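Structural overview
What follows is the residue order along each chain.
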Amino acid sequence: MDTRQLKTLVAIASYRTFAKAAEVVGLTPSAVSQQIQALESELSVKIFERRSRPPSLTAEGYQVLELAKEILHLEENAITSLKGQKIAGTIRIGTVRTSALNLLPQAVVVMHDRYPALKINLRVGFSSLMIADVAAGRLDAAVVAEHVSLPPQLKWSPFLHEPLWIIAPETVTERDAIHLLGSYPFVRFTTNVPLANLIDTEISRLGVVTLDVAEIDTIGAIVSCVRQGLGVSVVPHTAIQSPEASTLVKLPFGTPQITRRIGIVERLNAPRGEVINRLHALLARLCGEYGVAKE
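Summary of the structure given here. (Residues numbered from 1 in each chain as written. Predicted model: local features only at pLDDT ≥ 70, side-chain atom pairs only at ≥ 80, totals over all residues. Heavy atoms only, no water.)

1. Concerning the overall build of the protein chain
Selection rule: Only DSSP runs of H or I with at least four residues qualify as helices, and only runs of E with at least two residues qualify as strands; both kinds are numbered from the N terminus onward. Any two residues whose heavy atoms approach within 4.5 Å are treated as being in contact. The convention is simple: Lys and Arg are positive, Asp and Glu are negative, and His and the chain ends are not counted. For the purpose of locating charges, the reference atoms are NZ of Lys, CZ of Arg, CG of Asp and CD of Glu.
Helix and strand counts for the protein chain come out as eleven helices and eleven strands. Overall size of the protein chain, expressed as C-alpha extent along the three principal axes, is 75 × 45 × 35 Å. Sequence-distant contacts, at least 24 apart, represent 72% of the contacts inside the protein chain between residues at least 6 apart. Positive and negative side-chain charges of the protein chain, numbering 30 and 28 respectively, have mean locations separated by a distance of 6 Å.

So this is what it looks like as structure tokens:
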């Protein structure tokens, strides 16, 4: 299998036509068509449905495309490593939505500025899927909250250990945390992530019955609703660092105050380990007083 054929396939999938892909890879349209035909012949599969305009990938074609991306990524990493260019090439990072609010985009911008030869691809999803993709090699690393268990081929290193806060509109004068949670409309964080479970578990332990007024699946939207006076809620420290959130009333959540940890999960002896280490150090620094250095 010729990697030039695979690059052509990825170009076609990205630009939707054989003609545009030909311009990108520096070939004629007929040469592009010949490469795809040769790849189909070698693999004994039909990659494109040519009766449609533009040609569309078949079910087998999608599988070949994913395989092509994996092979090209491995090739790029191998070349980068052999040349000693540790901070170059492409690294694929997954993240859960709660941590993607502000920390990771800030870190990506800084990494781009420091290492112009490094390309970072981000994917946002649920932590369980991100962990599975790291284990399978579809991602180089993922930013996820602390998990009870991980596959044996993975390791997790925290870069953030932050407290959780009850937040309320600036007009609220109540300062008793339990009374606040049980007496005011409550904006509940509802999604299948560890943070939501952590909040619900502590509310239950405190014996509080909340007066739910809304169920929202993103922390940023919750902070906005509280600012507008819809109710009170519980959020992590990083969610209330913007100037717009400075007027909110904050009370410690839990007795003692509940905290959560977020870190980077990666494979043992990860091929992009040096890049991941630098990303971890940067994230820890951006977290300020709650940052955690990698051991």
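What follows picks up the thread again.
2. Quick notes on the pairing of strand E8 (residues 211-216)
Note the threshold: Any two strands with at least two DSSP-identified bridges between them are counted as paired. When the strands point away from the viewer and the connection leading from the first strand across the helix to the second strand turns clockwise, the crossover is called right-handed.
Looking at chain direction, strand E7 (residues 185-189) and E8 are connected through five bridges and run parallel. Directly across from Pro-185, in E8, lies its bridge partner Leu-211. Regarding the hand of the β-α-β motif, the stretch spanning E7, helix H9 (residues 194-205) and E8 is right-handed.

3. A short note on the nonpolar core
Inclusion rule: Take the buried Ala, Val, Leu, Ile, Met, Phe, Trp, Tyr and Cys residues and link them wherever side-chain atoms come within 4.5 Å; each set so joined is a nonpolar core. Per-residue accessibility, obtained with a 1.4 Å probe over protein chains only, is compared with the maximum for each type, and a residue is labelled buried under 20%, exposed over 50%, and partly exposed between these values.
Membership of the largest hydrophobic core comes to 35 residues, with the highest contact counts inside it found for Val-223 and Phe-253. For this core, the elements supplying multiple residues, two or more each, are strand E6 (154-168), helix H8 (177-183), E7, H9, E8, helix H10 (219-227), strand E9 (233-236) and strand E10 (249-252). Sorting elements by how many residues they give to this core places E6 first, with five residues. Setting aside its immediate chain neighbours within four residues, Val-223 contacts Ile-167, Val-235, Ala-239, Ile-240, Ala-245 and Leu-248.

4. With respect to the pattern of salt bridges
Selection criterion: Take a side-chain nitrogen of Lys or Arg and a carboxyl oxygen of Asp or Glu: if they are within 4 Å of each other, that pair is a salt bridge.
The tally for this structure, following the rule as stated, stands at 13 salt bridges. Measuring nitrogen to oxygen at the nearest pair gives 4.0 Å for the salt bridge that ties Glu-66 to Lys-69. Residue Glu-66 and its partner Lys-69 are both found in helix H4 (residues 59-82); the two are separated by three residues, about one turn of the helix. When its relative accessible area of 44% is taken as the criterion, Glu-66 is described as partly exposed. We note a salt bridge from Asp-133 to Arg-138, for which the minimum N-O separation is 2.7 Å. Classification of Asp-133 as buried rests on a relative accessible area of 11%. With a relative accessible area of 37%, Arg-138 lands in the partly exposed category. Through salt bridges that share partners, Arg-123, Asp-133 and Arg-138 make up one connected network.

5. Some points on the packing of aromatic side chains
To describe a pair of aromatic rings, you give the distance between the ring centres and the angle between the ring planes. In plain terms, the rule: Geometry of aromatic contacts follows a simple scheme: Phe, Tyr and Trp rings, the Trp one being its six-membered ring, pair when their centres are within 6.5 Å, and the pair is stacked under 30 degrees between planes, edge-to-face over 60, tilted otherwise. Charge-over-ring contacts are defined here by two conditions on Lys NZ or Arg CZ: a distance within 6 Å of the ring centre and an angle within 35 degrees of the ring normal.
For the structure on display, the rule yields one aromatic pair. A ring pair is formed by Phe-18 and Phe-48, whose centres lie 5.3 Å apart and whose planes are at 70 degrees; its orientation type is edge-to-face. Separated by 30 residues along the polypeptide, Phe-18 in helix H2 (residues 18-25) and Phe-48 in strand E1 (residues 48-49) bring together distant segments of the chain. A single burial state applies to Phe-18 and to Phe-48, both of which are buried. One residue, Lys-250, lies across the ring of Trp-165, its end atom 4.6 Å from the ring centre.

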